[in-house]
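What follows is each chain in one-letter form.
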Amino acid sequence: MANATSILEQRKHLLAVAVVAGTVGLVLLRNFDPAKSAIFPPCPLHFLTGWYCSGCGSLRAMHQLLQGNLRAAWALNPLTMVLLPFIGYGLTSQALLVLRGKGLPGVFLSANSIRVLCAVIVLFGILRNLPVHPFNLLAPGAMLHW
Amino acid sequence: MFCPQCGASNPDNAAVCAQCGRNFQPAATPLPATGQVIPPGATVENYLVFAILATVLCCLPTGIAAIVYAAQVNGKLQAGDLAGAQEASRNAKMWCWISFGLGLATVGVTILLGILGVISGLHHG
């Protein structure tokens, strides 16, 4: 039982670290535009290959969202904007699971829904690299110049 | 039957609750693979949120591996294979940490390149 308690304590510490790190990250992200400032890392895939991945533009998108520019946020990475509420719900559930031992309802997805989600993420990553209209609009920021 | 945890209606032969993932397997069922006993309320964590975050923020193929294992966790839970689900859960967790580590390494390399850039700028400027 002592072992189980220490695991729970460990998880609480991890949660505290994650909350502090997440808050610092969001404050930095709100005040510095990753498009102009060097404090945020570039996407390793884009840096090495020149291809966009599914997540390319998500930091810039979150900066725009925190600044209240919904349209720019959407144009930089529509997939991240769609997933963000679900990620927020999932993270809240994880935090509650650590704090009160019970998460939020409805977080359990069937294996097939997760596979569909995975396929959507991969497909989005491939489509936004195609130099053909309308897929080229999915490249980070392309919709702003449309 | 109704889930004792969240009250959702489930088929009588369901291994886990489709709503909250609560395990319906009877208690004290020894698992052949690990020999562990799973309490009836136990769920197996699939780390899906972290896998998606790792994929979108660290944008690495390792995040996709974590999502695939997350799907496997829930698939095995649905099939009643708790040992298999725990195995997949360990893999999902491992790939999340690998993605997170690689993301942090990228931050480190970026900062290092930035510093080197500043230094060489000072020399040539």
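Residues numbered from 1 in each chain as written. Chains lettered and ligands numbered in written order. Predicted model: local features only at pLDDT ≥ 70, side-chain atom pairs only at ≥ 80, totals over all residues.

**Considerations on the overall build of chain A**
Formally: Numbering of helices and strands starts at the N terminus; helices are DSSP runs of H or I of at least 4 residues and strands are runs of E of at least 2. Each residue is classed by its C-beta neighbour count within 10 Å, where at least 20 other C-beta atoms makes it buried, 12 or fewer makes it exposed, and intermediate counts make it partly exposed; the C-beta atoms are placed from backbone geometry. Placing a C-beta atom from the backbone of each residue, one calls two residues in contact when those atoms lie within 7 Å.
Regarding its fold elements, chain A presents six helices and zero strands. Taken from the N to the C terminus, the helices and strands of chain A come in the order α-α-α-α-α-α. The principal-axis extents of the C-alpha atoms in chain A amount to approximately 60 × 40 × 30 Å. Sorting the 146 residues of chain A into buried and exposed places 26% on the buried side. Taking the intrachain contacts of chain A between residues at least 6 apart in sequence as the baseline, contacts between residues at least 24 apart amount to 46%.

**Looking at the interface of chain B and chain A**
This is how it is decided: Gly falls in the polar group here, along with every residue not listed as nonpolar (Ala, Val, Leu, Ile, Met, Phe, Trp, Tyr, Cys, Pro) or charged (Asp, Glu, Lys, Arg).
Each partner contributes residues to the interface: chain B has 27 residues there, and chain A has 28 residues. Those elements that provide at least two residues to the side of chain B that touches chain A are helix 1 (48-57), helix 2 (61-78) and helix 3 (82-124) of chain B. Counting residues per element, the side of chain B that touches chain A draws most heavily on helix 2 of chain B, at eight residues. Looking at side-chain class alone, the side of chain B that touches chain A contains 18 nonpolar, nine polar and no charged residues.

**What to know about the confidence of the model for chain B**
All names here are of chain B. The cut-off we apply is this: pLDDT is defined as a per-residue confidence score from the predictor, taking values between 0 and 100.
Chain-level pLDDT for chain B is 81 on average; 84% of the residues reach the 70-or-more range. Per-element confidence in chain B ranges from a low mean pLDDT of 87 for helix 3 to a high of 92 for helix 2. Predicted confidence is poor over residues 28-38, with pLDDT under 50, and the contacts of this stretch with residues over four places away or in other chains come to 15 contacts. Interface scoring of the predicted complex returns ipTM 0.84; its pTM is 0.78.

**A few points about helix 5 (residues 78-100) of chain A**
Inclusion rule: Multiplying 1.5 Å by the helix residue count minus one yields the expected span of that helix. What is called the bend at a residue is the angle between a pair of axes, fitted to the seven residues leading up to and ending at it and to the seven starting from it.
Between its first and last C-alpha, helix 5 of chain A extends 34 Å over 23 residues, near the 33 Å set by a 1.5 Å rise per residue. Within helix 5 of chain A, the axis deviates most sharply at A:Leu84, by approximately 40°, and proline A:Pro85 lies no more than four positions further along. Where helix 5 of chain A is concerned, the buried positions are A:Leu79, A:Thr80, A:Leu83, A:Gly90 and A:Gln94. Considering only its buried residues, helix 5 of chain A is in contact with helix 3 (58-66) and helix 6 (111-127) of chain A together with helix 1 of chain B. Positive phi appears at A:Gly101, one or two residues downstream of helix 5 of chain A, with a value of about 75°.

**Quick notes on the environment of A:Trp51**
Residues and elements named next belong to chain A. Relative to the assigned elements, Trp-51 resides in the loop between helix 2 (44-49) and helix 3. Judged by the 13 C-beta atoms lying within 10 Å of it, Trp-51 is partly exposed. When the C-alpha atoms of Trp-51 and Ala-73 are compared, they prove to be 20 Å apart, with 22 residues separating the residues in sequence.

**A look at the nonpolar core**
Inclusion rule: The nonpolar core is taken to be a set of buried Ala, Val, Leu, Ile, Met, Phe, Trp, Tyr and Cys residues joined by way of C-beta atoms within 7 Å.
Judged by nonpolar contacts, the single largest core of 40 residues is most densely connected at B:Leu48, B:Ala51, B:Ala66, B:Ile67, B:Ala70 and B:Ala92. Per-element tally for this core: the top contributor is helix 1 of chain B, with nine residues. The residues touching B:Ala92, leaving out its near neighbours within four places in the chain, are B:Asn46, B:Tyr47, B:Ala51, B:Ala66, B:Tyr69, B:Ala70 and B:Val73. A:Leu59, A:Ala61, A:Met62 and A:Leu65 belong to the second-largest nonpolar core, a separate cluster that totals seven residues.

**Quick look at unusual backbone geometry**
Trans peptide bonds make up most of the peptide bonds, and negative phi angles are found at most residues other than glycine. Between A:His133 and the following residue, A:Pro134, the backbone shows a cis peptide bond with an omega angle of 5°. Inspection of the secondary structure assignment puts A:Pro134 in the segment after helix 6.

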